[in-house]
Amino acid sequence: MAITNLDQNHALLKEVAIIFCDIDGTLLNGESELDERTIIAVKHISKRIPFVLISGRSIPLMKPIHQALGLSTPLIGANGAILSDATGKTLHAFPMKQSDYLRLLEIGRAYPSVAINVYTLDKWYTNLKSNPHVQKEEKIVRQPALSCHDLSTLKEELITKIIFMGEKEILTDMHQMLEKELPQLRAYHNYANYIEVFDFQAEKGLALLRYIKSYPVENGSIMAIGDSLIDASMFDYAKIKVAMDNAPTLLKSKANILVKSNVEQGVAILLETMENL
């Protein structure tokens, strides 16, 4: 049974002036879909409180969710690397440096069984399309990866992030190397079969801070909702830190509000509670 503390935090919930919400593992259910209860809850709350999507997804993959929720707020994609307006037009971008990108490719090539996945503003490339973790990700985000044997040919593109996909034991070793070789980047071994790497400027917390500076909020507090350690940086700037029940223990320890898992419609229950206060 999920341990939640919504009933003990009504006063805190009344302070909310803006909500930053992760998508996968947070807003979407176990089938990586929006359920009707969540859609209704977001539509109701967003009439009086700005509701901002902040995700590791690219902006084009966020747009259908943004539209289904009836939102008009800007979007933050690629873990904070991209800020776009409601139409998807890029307002700010913090891509990976070319030298860092090429070094990441060198490290990736040292692990032949690991798929190197490169993300630009609107495309996803991989050097190993047959990798089962790549195929699983294609089903989750409903977008096919583009096969690219020589990823160095993309060096002139605006690279927002790289995800290495492979077996846990191999990625554990790889993660240690990445942190040693490229300390200027953020490398998260957040899930057993994934390592996400992006520029330090692309952190969600810094993106949240930039958003607030561009779109100031008065008379209230910031709420951030997430399920993974990549979301932890948002908690540095949000007074109201919400962790899903499916989040790792470390993220929960940083939160002051715990809600049910994404499978149990935790976000919808949170928003409904806020509406009824």
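Up top you'll find the structure we're talking about.
Rules of the game
- Residues numbered from 1 in each chain as written.
- Predicted model: local features only at pLDDT ≥ 70, side-chain atom pairs only at ≥ 80, totals over all residues.
- Heavy atoms only, no water.
- Buried < 20%, exposed > 50% of the residue type's maximum accessible area, 1.4 Å probe, protein only.
- Helix = DSSP H or I, 4+ residues; strand = E, 2+ residues; numbered from the N terminus.
- Contact = heavy atoms within 4.5 Å.
- Expected span 1.5 Å × (residues − 1).
- Arc of directions from axis to C-beta.
- Axes fitted to C-alpha atoms, helices over the stretch in contact; angles between N-to-C directions.
- Parallel < 35°, antiparallel > 145°, perpendicular 65-115°, else oblique.
- Left-handed = near helix turned anticlockwise from the far one by under 90°.
- Nonpolar A, V, L, I, M, F, W, Y, C, P; charged D, E, K, R; others polar.
- Salt bridge = Lys/Arg side-chain N within 4 Å of Asp/Glu carboxyl O.

Student: Help me understand helix α3 (residues 59–68), please; the structure alone is not making it clear to me.
Tutor: Residues spaced three or four apart along an α-helix face the same direction, because each turn holds 3.6 residues. For α3, every residue scored as buried is listed here: Ile 59, Leu 61, Met 62, Lys 63, Ile 65 and His 66. The elements touched by buried residues of α3 are β2 (51–53), β3 (75–77), β4 (82–84) and α5 (132–141). Following α3 by one or two positions, Gly 70 has its phi on the positive side, about 70 degrees.

Student: Explain helix α4 (residues 98–109) here, please?
Tutor: For α4, which comprises 12 residues, the first-to-last C-alpha distance of 17 Å matches the rise-based estimate of 16 Å (1.5 Å per residue) to within 8%. Turning to α4, its buried residues number three or more, namely Asp 100, Tyr 101, Leu 104, Leu 105, Ile 107 and Gly 108. The arc that holds the buried residues of α4, viewed along the axis, is 165 degrees, so those residues lie on one side. Tucked inside the fold, the buried residues of α4 contact β6 (115–119), β9 (161–165), α6 (168–181), β10 (185–191) and β11 (194–199).

Student: What am I meant to see in the packing of α4 against α6 here?
Tutor: When two helices pack together, their arrangement is given by the angle between the helix axes and by the axis-to-axis distance. At a minimum axis separation of 11 Å, α4 and α6 run at an interaxial angle of 150 degrees. Considering their axes alone, α4 and α6 lie roughly antiparallel with respect to each other. For the pair α4 and α6, the sense of crossing is right-handed. Along its contact with α4, which presents Arg 103, Leu 104, Ile 107 and Gly 108, the element α6 presents Met 174, Met 177, Leu 178 and Glu 181. Looking at the contact of α4 with α6 residue by residue, the classes come out as five nonpolar, one polar and two charged.

Student: Is there a simple way to think about the pattern of salt bridges in this case?
Tutor: Oppositely charged side chains can pair when the atoms bearing their charge come close. Taken as a whole and judged by the stated rule, the model has 15 salt bridges. For the salt bridge of Lys 97 with Asp 199, the shortest nitrogen-to-oxygen distance reads 3.8 Å. With a gap of 102 residues between them, Lys 97 in the loop between β5 (90–93) and α4 and Asp 199 in strand β11 connect regions that are remote in the sequence. Since its relative accessible area comes to 48%, Lys 97 is described here as partly exposed. Since its relative accessible area comes to 4%, Asp 199 is described here as buried. We note a salt bridge from Lys 123 to Asp 122, for which the minimum N-O separation is 3.7 Å.

Geometric descriptors of this kind do not, in isolation, establish any biological role.
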